[in-house]
Amino acid sequence: MTADDIPPGTIASMAFWLLARTDRIRQHPGAAHIAASITTAVTRALRAIDRPPDLVFLGTCDSCQAGIYAAHGARWVTCRCGVTCNTETRREQLLAAAHDILGTTSEISRALTSLGRPLTPSVIRGLAFRGRITARGANERGHPLYRVGDVLEVISRDTRPPRCLLDITSLSANTHT
Ligand SMILES: [Zn+2]
């Protein structure tokens, strides 16, 4: 084997290398073994990448109490009992029900992100550091626990347009009328 027989180490270059040598491989004494190895590798690769999309838990069904899971971005989800519900409505219901739940920054981050309010643990830690939310207790490992409702209130306050901007908007609306 010469140096130019060896393909550079990228998937595309190795695939191209194999593709350019299919006739030689077909006539090779170990052709059956080579074909089986490639087929196994392709099957393994497909199994690794072709996974079902992560599902979001949206609480339990009002009719049959089974857990409802929706694909990311889905607007509607149908429970196994046949009941269909709007994913946004379910998210709002879960958010409302979660207000008094206590959690660590990581737990709150995960829960809110899956409910459509993406928030990193460091953002929540920053809110606590600046005194905008206060720990309501600590877990068994000593990590501070925050109230989900406190985090949601601060975040919704921050995403509202500032008051001065509202005043300017109403002023310019008045001059045009
Ligand atoms: Zn159901």
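Above this text is the structure in question.
As the structure is a prediction and not an experimental result, all values here were calculated from the model.

1. Examining the sheet that holds strand 7 (residues 144-147)
Part 1 of the argument: The three strands lie next to each other as 5-7-6, forming an open sheet whose pairing is antiparallel. The open sheet has two edge strands, strand 5 (102-103) and strand 6 (137-138), and neither has a second partner.
Part 2 of the argument: Where strand 6 meets strand 7, two bridges bridge the pair, whose relative direction is antiparallel. Residue pairing in the sheet places Ala138 in a bridge with Pro144 of strand 7.
Part 3 of the argument: On the sheet, helix 7 (residues 148-159) packs against strand 5 and strand 7 and is oriented at approximately 60° with respect to strand 7.

2. Focus on helix 7
Part 1 of the argument: Here helix 7 spans 17 Å end to end across twelve residues, near enough to the 16 Å set by a 1.5 Å rise per residue.
Part 2 of the argument: Looking at helix 7, one finds that the buried residues are Val148, Asp150 and Val151. Buried residues of helix 7, seen end-on, are gathered within an arc of 165° and therefore sit on one face of the element. Along helix 7, the residues that are exposed and aim more than 90 degrees away from the buried face are Ser156 and Arg157.
Part 3 of the argument: Buried positions along helix 7 lie against strand 5, helix 5 (105-114), helix 6 (121-129) and strand 7.

3. Some thoughts on the nonpolar core
Part 1 of the argument: Counting residues in hydrophobic clusters, the biggest one holds nine residues: Ile108, Leu112, Leu115, Ile124, Leu127, Ile133, Tyr146, Val148 and Val151.
Part 2 of the argument: Among the elements of the structure, helix 5, helix 6 and helix 7 are those that each provide at least two residues to this core.
Part 3 of the argument: Among residues more than four places away in sequence, those in contact with Ile108 are Gly103, Ile124, Tyr146, Val148 and Val151.

4. Digging into the environment of Ala98
Part 1 of the argument: Tracing the chain through its elements places Ala98 in the loop between helix 4 (87-97) and strand 5.
Part 2 of the argument: Note on Ala98: 18 C-beta atoms within 10 Å, which makes it partly exposed.
Part 3 of the argument: C-alpha of Ala98 to C-alpha of Ile108: the two residues are ten residues apart in sequence and 9.8 Å apart in space.
Part 4 of the argument: Excluding its chain neighbours within four sequence positions, the residues that come into contact with Ala98 are Ala111 and Val148.

5. Digging into the pairing of strand 7
Part 1 of the argument: Summarising the sheet, strand 5 and strand 7 pair through two bridges and their orientation is antiparallel. When the sheet's bridge partners are listed, Leu102 is paired in strand 7 with Arg147.
Part 2 of the argument: The hairpin formed by strand 6 and strand 7 contains five residues between the paired strands, and Gly142 there has a positive phi angle of roughly 85°.

6. Quick word on the pairing of strand 1 (residues 55-60)
Part 1 of the argument: With four bridges connecting them, strand 1 and strand 2 (residues 67-71) associate as antiparallel partners. By the bridge assignment for strand 2, Val56 is matched with Ala70.
Part 2 of the argument: As consecutive antiparallel partners, strand 1 and strand 2 are separated by six residues, and within that stretch Gln65 has a phi angle of approximately 70°, a positive value.

7. Overview of the environment of Arg110
Part 1 of the argument: In this structure, Arg110 sits in helix 5.
Part 2 of the argument: Look at Arg110 and you get partly exposed, because 14 C-beta atoms sit within 10 Å.

8. Some words on the packing of helix 5 against helix 6
Helix packing geometry: the angle between the two helix axes and the distance between the axes.
Part 1 of the argument: Running from amino to carboxyl end, helix 5 crosses helix 6 at an angle of 125°, the nearest separation of the two axes being 8 Å. By the criterion of interaxial angle, the relationship of helix 5 to helix 6 is oblique. The way helix 5 lies across helix 6 gives a crossing that is right-handed. Touching Thr105, Ser106, Ile108 and Ser109 of helix 5 are Pro121, Ile124 and Arg125, all from helix 6.
Part 2 of the argument: By residue class, the composition of the contact of helix 5 with helix 6 is three nonpolar, three polar and one charged.

Criteria and cut-off values
Residues numbered from 1 in each chain as written. Predicted model: local features only at pLDDT ≥ 70, side-chain atom pairs only at ≥ 80, totals over all residues. Pairing = 2+ DSSP bridges. Helix = DSSP H or I, 4+ residues; strand = E, 2+ residues; numbered from the N terminus. Contact = placed C-beta atoms within 7 Å. Axes fitted to C-alpha atoms, helices over the stretch in contact; angles between N-to-C directions. Expected span 1.5 Å × (residues − 1). Buried ≥ 20, exposed ≤ 12 C-beta atoms within 10 Å, placed from the backbone. Arc of directions from axis to C-beta. Core = buried A, V, L, I, M, F, W, Y, C linked by C-beta atoms within 7 Å. Parallel < 35°, antiparallel > 145°, perpendicular 65-115°, else oblique. Left-handed = near helix turned anticlockwise from the far one by under 90°. Nonpolar A, V, L, I, M, F, W, Y, C, P; charged D, E, K, R; others polar.

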